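Descriptive analysis of the structure
Single-letter residue listing:
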Amino acid sequence: MRAGFGDDAIHNACRIDPWFLARIREIVEAERQIEADGLPGGSDALARVKGLGFSDARLAALAGLPEAEVAAARRSAGVRPVYKRIDTCAAEFASVTPYMYSCYESGPDPECEAEPSEREKVIILGGGPNRIGQGIEFDYCCVHAVYALAEAGYETIMVNCNPETVSTDYDTSDRLYFEPLTAEDVIEICRTEQSAGRLKGVIVQYGGQTPLKLAHALADAGVPILGTSPDAIDLAEDRDRFQRLLHEIGLRQPNNGTATSMEQAVAVARKIGYPVLLRPSYVLGGRAMEIVHDETGLRRYVTEAVRVSGDNPVLIDGYLQDAIEVDIDAVSDGESVRIAGIMEHIEEAGIHSGDSACALPPHSLSAATLADIERQAESLARALGVVGLMNIQVAVKDEAVYILEVNPRASRTVPFVAKATGAPVAKIAARVMAGEKLAGFALGMGPAGGHVAVKEAVFPFNRFPGVDVILGPEMKSTGEVMGLDTDFGRAFAKSQIASGIRLPRSGTVFVSVRDHDKEALAPLAERLVALGFDLLATRGTARDLNARGIPARQVNKVLEGRPHIVDEMTDGGVQLVFNTTEGAQAIRDSFSLRQTALLRDIPYYTTVAGARAAVQAIAALRTGALEVAPLQSYFGSSF
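Figured I'd write up the structure that's included with this text.

Our next topic: the sheet that holds strand 5 (residues 175-178). With respect to topology, seven strands assemble into an open sheet ordered 1-2-5-4-3-6-7, the strand pairing being mixed. Across the chains shown, the open sheet's two edge strands, defined by having one partner strand only, are strand 1 (82-85) and strand 7 (225-226). Contacts between helix 7 (residues 183-194) and the sheet are confined to strand 1, strand 3 (120-125), strand 4 (155-160), strand 5 and strand 6 (198-203), with strand 3 contributing the most and set at about 170° to the helix.

Attention now moves to the packing of aromatic side chains. Evaluated as defined, the whole model comprises six aromatic pairs. Between F459 and F461, the aromatic rings sit 5.0 Å apart at their centres with planes inclined by 5°, giving stacked as the arrangement. For F459, a relative accessible area of 23% puts it in the partly exposed group. Relative to Y605, the ring of F578 lies with its centre 6.1 Å away and its plane at 70°, an arrangement referred to as edge-to-face. Of the two residues, F578 is situated in strand 22 (residues 576-579) and Y605 in strand 23 (residues 604-605); the sequence distance between them amounts to 27 residues. With respect to class, F578 is no different from Y605; both count as buried. Directly above the ring of Y402 sits R252, whose terminal nitrogen or CZ lies 6.0 Å from the centroid.

The next subject is unusual backbone geometry. Geometrically, the link from Y274 to P275 is a cis peptide bond, its omega value of 0° lying close to zero. Note on placement: P275 falls in the loop between helix 12 (262-272) and strand 9 (276-280). Each neighbour pair has its own omega, and for R562 with P563 the value is -5°, a cis peptide bond. Relative to the elements of secondary structure, P563 occurs in the loop between strand 21 (553-554) and helix 20 (565-570). For R15, which is not glycine, the phi dihedral falls at a positive 65°. Residue position: R15 is located in the loop between helix 1 (7-14) and helix 2 (18-37).

What counts, and at which threshold
Residues numbered from 1 in each chain as written. Predicted model: local features only at pLDDT ≥ 70, side-chain atom pairs only at ≥ 80, totals over all residues. Heavy atoms only, no water. Pairing = 2+ DSSP bridges. Helix = DSSP H or I, 4+ residues; strand = E, 2+ residues; numbered from the N terminus. Contact = heavy atoms within 4.5 Å. Axes fitted to C-alpha atoms, helices over the stretch in contact; angles between N-to-C directions. Phe/Tyr/Trp six-rings, centres within 6.5 Å; stacked < 30°, edge-to-face > 60°. Buried < 20%, exposed > 50% of the residue type's maximum accessible area, 1.4 Å probe, protein only. Lys NZ or Arg CZ within 6 Å of the ring centre and 35° of its normal.

Put into structure tokens, the structure is as follows:
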């Protein structure tokens, strides 16, 4: 339509019903009129364009005005949304389902069915439409906040627009607004609810990055924010402010910097030294993150992956090779801090936390390192003024702890921590945000029953032909599972079974690792041979293993000619793959190996840490059958 095509031509091309095309044309014509004549004057004209679905931000862009000016003009004209209830009764009689959506009605007395109560109320903001990296874990937190606050006597009001979540079930909260998570929509809901009763505040911590970004706009509109203040949220996310805070309290970070141009990015990376981890600011799920090993990769990233500007800087971190990444979930009431769980990642630092398996409690960190991590987490919570949940990601290299990232909100690990420890973490934090003190709740670090819990990611690789299974800083997983048992090996084995991986108890293991990993691979290969496995390796890896007295049969890489490793895998001669690689060319060259493993359902591990965990799991499987018990048997209830 914008290109000048008529409705008949469009219908003939795509068969969209002419009635819908006519409605779309109304919107396109309204856009043209606003661009030509400016923002409509008068309440009826404004109500009409709002009824067509234009947000204040879109009207501002079309009219060339600041959004705040458009919002002020709309409100001064008395143009505000009204809320209708979802009709569950087919209009036979009045619906009382507290499940509402907004619309704009023209006329002097638009009917609003919101009917806010006189009770004291709390609004919880959900995560909006789900994408990889922002999913059901946040919905879990929102629902548990609803339960906890209802138990404390508050009316609970949920704002979310995803129909595939429990938070948008009509009977989860006292009242549900099925609305977008934008400042305009949320502020209007708050104004409606403030017209009766007392709005104690809004919880922005439980829906991930989407509602967290609304904190400043809500505070500027006079809406009370429960929990961590908007300034503290910004302090944790603003790279320069956060770096200054870490210096003040004496905590380490990897060397890092920010860049708003290609020249700055090159200069910062040269100063830090390659490899570096690149990412846009203010992202969720590691979107557009990448590890680059040279200036060519950096220039390609800045040119192709992101739009760099003063408002969208690129964050550049020194990449800590062979570091152990650790997640910490904590709850603070502004004075006291409790560590809910410390999770050691199986994969090395640099792989997104949502894609890495992790163990709670940590299975290889020393008691001194754990005490240092706990001390630093408590120090950060107090320095930031956190009230509610906080997630910290650190890297441990040579016993030194480096702060990678702090999020003053619920993390995707909260449900795992709750199930592993038996503590209702999200419920406790919600009550704390509402003003209660931590002293009134039982919350401590680690599983209560002395067991080990392992979280494993579930990937959709077999649903997408041609996708590479190698992991990196951008999140790819679409789910997760958990294994519980008395030791790490058995728990990890259970997590692999739950994620669809069947570890072999005998057969041939193919090993091919980069030079940097050969030393760490040797004891794993030796243990596999002791367990009765045969080893197959590429030339360099086989030479290294044989020199150490570990028998390994050599096989060609695909580029070295047939018969090669893919032939062996296709013929059923390989039951397990350990393959580590780095550099763009090496990753491309070994793609067919990983693709064959995926298509043939051969378990594969692309990090030494993952391989180490797999060997421990295989050893555990060979000692006897795994026992199965329901989660409730560990604690008497589930969370």
